[in-house]
Amino acid sequence: MVNQDLDLNIDLEEEIKKLKKKLNAVILAHYYQESEIQDMADFIGDSLELARRAKETPADVIVFAGVHFMAETAKILNPEKLVLLPDLEAGCSLAESCPADKFKKFREEHPGHVAITYINCTAEVKALSDIICTSSNAEKIIMQIPEDKKIIFSPDKNLGRYLQKKTGREMLLWDGSCIVHETFSEKKIIDLKIRNPKAKVIAHPECEDAILRHADYIGSTSKLLKYVQEDEADSFIIATEPGIIHQMEKAMPKKKYIPAPPEENSCSCNNCPHMKRNTMEKLYLCMKNLSPRIEMEESLRMRALKPIDRMLEMS
Ligand code: 13P
Ligand code: SF4
């Protein structure tokens, strides 16, 4: 579909660069963004690194090439800044699985628990939580909770199960999952391993246990990127969203990266449909129109900030 606001003759890259200068903007992108967007970004990172960058940036405008909860986190950390998201509909199945009213009820039904909540949730759910975490700091945060304290972990049950095993802590798990990471096929990964016996399987902890069992290494997107750079293997089966492969190929071009395939009945790739809503055209238009932007009521922002600040202190 052709966007009426878009002049088809312009050089999008050049125009985005000009707008960036004019607005004193910074473009932050998640690894799951399409390659062209990653190449335009000032900083590419995982959820934790992006939150840290958003907190520290001296720019006046933050253009967030990621999904809604990430841009919302940037706004919570920077109330005075303009935070733009190329497509306001770029959501997340984990955030959707955990509506604030149901989460509030769940907490009330289990008093005396510390609520550690994965950053993939809405500002309302953050405001109802004690500590936020990401896949790169969750283990470290859980280890700092006193042994006698009960924990509620939300909303990703797969990450929660993985952390239970890693830390030995029993946790009450919310029943949510990521539509991308739950679709990998165990059978196809086994077939790939047989055909590529030297390849190492590396997986994001949002994957189901059946996949994680085959992994040589499990970690957040940044940790997976670091692993392929440091490990001696020269081929890897990648069980996470394939957007990360762009940075792997840039960092270690001679190595081979095989995207783990999904189940038969899902689409032929594991692209996150939310992340991939952002395009270069929408990136340009949001900077040109200063919209869509993230807006938030101040009292909600203040409540959501507390557990994010606790995360940053503890990680
Ligand atoms: P990380 O960026 O923390 O690895 O999380 C992956 C993810 O699914 C983001 O939505
Ligand atoms: Fe959400 Fe999964 Fe997409 Fe990440 S990959 S934004 S967790 S749906």
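Notes on the structure in this doc start here.

Reading the values: the criteria
Residues numbered from 1 in each chain as written. Chains lettered and ligands numbered in written order. Predicted model: local features only at pLDDT ≥ 70, side-chain atom pairs only at ≥ 80, totals over all residues. Heavy atoms only, no water. Helix = DSSP H or I, 4+ residues; strand = E, 2+ residues; numbered from the N terminus. Rg over C-alpha atoms; globule rule 2.2 N^0.38 Å. Buried < 20%, exposed > 50% of the residue type's maximum accessible area, 1.4 Å probe, protein only. Areas by Shrake-Rupley, 256 points an atom, 1.4 Å probe, with all protein chains shown as cover. Lys, Arg positive; Asp, Glu negative; His and termini not counted. Charge placed at Lys NZ, Arg CZ, Asp CG, Glu CD. Near = heavy atom within 4 Å. Nonpolar A, V, L, I, M, F, W, Y, C, P; charged D, E, K, R; others polar. Patch = residues over 30% accessible without salt bridge, like charges linked within 9 Å, V, L, I, M, F, W, Y side chains within 5 Å. Salt bridge = Lys/Arg side-chain N within 4 Å of Asp/Glu carboxyl O. Pairing = 2+ DSSP bridges. Contact = heavy atoms within 4.5 Å. Phe/Tyr/Trp six-rings, centres within 6.5 Å; stacked < 30°, edge-to-face > 60°. Polar contact = N/O pair within 3.5 Å; in protein donor to acceptor, adjacent residues only side chain to side chain. Expected span 1.5 Å × (residues − 1). Arc of directions from axis to C-beta.

**Comments concerning the overall build of the chain**
- Along the chain, the regular secondary structure elements total 15 helices and 12 strands.
- The C-alpha atoms of the chain give a radius of gyration of 20 Å, which matches the 20 Å a tight globule of 315 residues would have.
- Dimensions along the principal axes, computed over C-alpha positions, put the chain at roughly 55 × 50 × 35 Å.
- Per-residue burial for the chain yields a buried fraction of 57% across its 315 residues.
- For the chain, the exposed surface amounts to about 14600 Å²; the carbon and sulfur share of it is 50%.
- Both charge centroids of the chain, one from 45 positive and one from 51 negative side chains, sit 3 Å from each other.

**Observations concerning the site of ligand 2**
- Taken together, Tyr 32, Val 67, Cys 92, Ser 93, Leu 94, Asn 120, Cys 178, Val 180, Glu 206, Cys 272 and His 274 make up the full set of residues near ligand 2.
- Residues of the shell around ligand 2, tallied by class, amount to 7 nonpolar, 3 polar and 1 charged.

**Quick word on a positive patch on the surface**
- On the surface, Arg 52, Lys 140, Lys 166 and Lys 223 cluster together into a patch of positive charge.
- Tracing the backbone shows Lys 166 in helix α9 (residues 157–167).

**Some remarks on the pattern of salt bridges**
- Across all of its chains, the model carries 20 salt bridges by this definition.
- For Asp 87, the salt bridge is made with Arg 277, and the minimal N-O distance between the two is 3.1 Å. Here Arg 277 lies in the loop between β12 (256–259) and α14 (280–289) and Asp 87 lies in the loop between β4 (82–84) and α5 (93–96), a separation of 190 residues in the sequence.
- The exposure class assigned to Arg 277 is partly exposed, which follows from its relative accessible area of 34%.
- Counted as one network, the salt bridges with shared partners bring together Lys 165, Glu 186, Asp 209 and Arg 213.

**What to know about the pairing of strand β3 (residues 61–65)**
- Buried residues dominate β3, accounting for 5 of its 5 residues.
- Neither face of β3 is exposed, since Val 61, Val 63 and Ala 65 on one face and Ile 62 and Phe 64 on the opposite face are all buried.
- By the bridge criterion, 5 bridges tie strand β1 (residues 25–30) to β3 in an arrangement that is parallel. Residue pairing across strands places Val 26 opposite Ile 62, the latter belonging to β3.
- Bridge analysis of β3 against β4 gives 3 bridges, and the strand direction is parallel.

**Some remarks on the environment of Asp 39**
- The topology assignment puts Asp 39 in helix α2 (residues 35–40).
- Classification of Asp 39 as partly exposed rests on a relative accessible area of 43%.
- In sequence terms Asp 39 and Ala 90 are 51 residues apart; their C-alpha atoms lie 20 Å from each other.
- Apart from the residues within four sequence positions on either side, Asp 39 is in contact with His 246 and Lys 250.

**Quick notes on the packing of aromatic side chains**
- Tallied over the entire structure, the rule returns 5 aromatic pairs.
- Between Phe 236 and Tyr 257 the ring centres are 6.2 Å apart and the planes differ by 10°, which places this aromatic pair in the stacked class. With Phe 236 in strand β11 (residues 235–239) and Tyr 257 in strand β12, this pair connects stretches of sequence that are 21 residues apart.
- Residue Phe 236 is classed as buried on the basis of its relative accessible area, which comes to 0%.
- We classify Tyr 257 as buried; its relative accessible area is 9%.
- Aromatic ring contacts, followed pair by pair, group Tyr 217, Tyr 227, Phe 236 and Tyr 257 into a single cluster.

**Thoughts on a negative patch on the surface**
- Together, Asp 11, Glu 13, Glu 36 and Glu 281 give the surface a local cluster of negative charge.
- Looking at where Glu 13 falls in the secondary structure, it is placed in helix α1 (residues 12–23).
- Judged by relative accessible area, which is 41%, Glu 13 ranks as partly exposed.

**Let's talk about the site of ligand 1**
- Neighbouring ligand 1 are 14 residues, the closest being His 30, Ser 47, His 204, Glu 206 and Thr 221.
- In this structure, an oxygen atom belonging to ligand 1 sits 3.1 Å away from a side-chain N or O atom of Ser 135.
- For ligand 1, the protein covers 96% of the area, taking 300 Å² as the surface of the free molecule.
- A class-by-class count of the residues in the shell around ligand 1 yields 5 nonpolar, 7 polar and 2 charged.

**Quick notes on α1**
- Between its first and last C-alpha, α1 extends 16 Å over 12 residues, near the 16 Å set by a 1.5 Å rise per residue.
- Taken residue by residue, α1 has Leu 12, Ile 16, Leu 19, Lys 20 and Leu 23 as its buried positions. Looking straight down α1, one finds that the buried residues subtend no more than 105° of arc, so they occupy a single side. Residues of α1 that are exposed and angled more than 90 degrees away from the buried face: Lys 18, Lys 21 and Lys 22.

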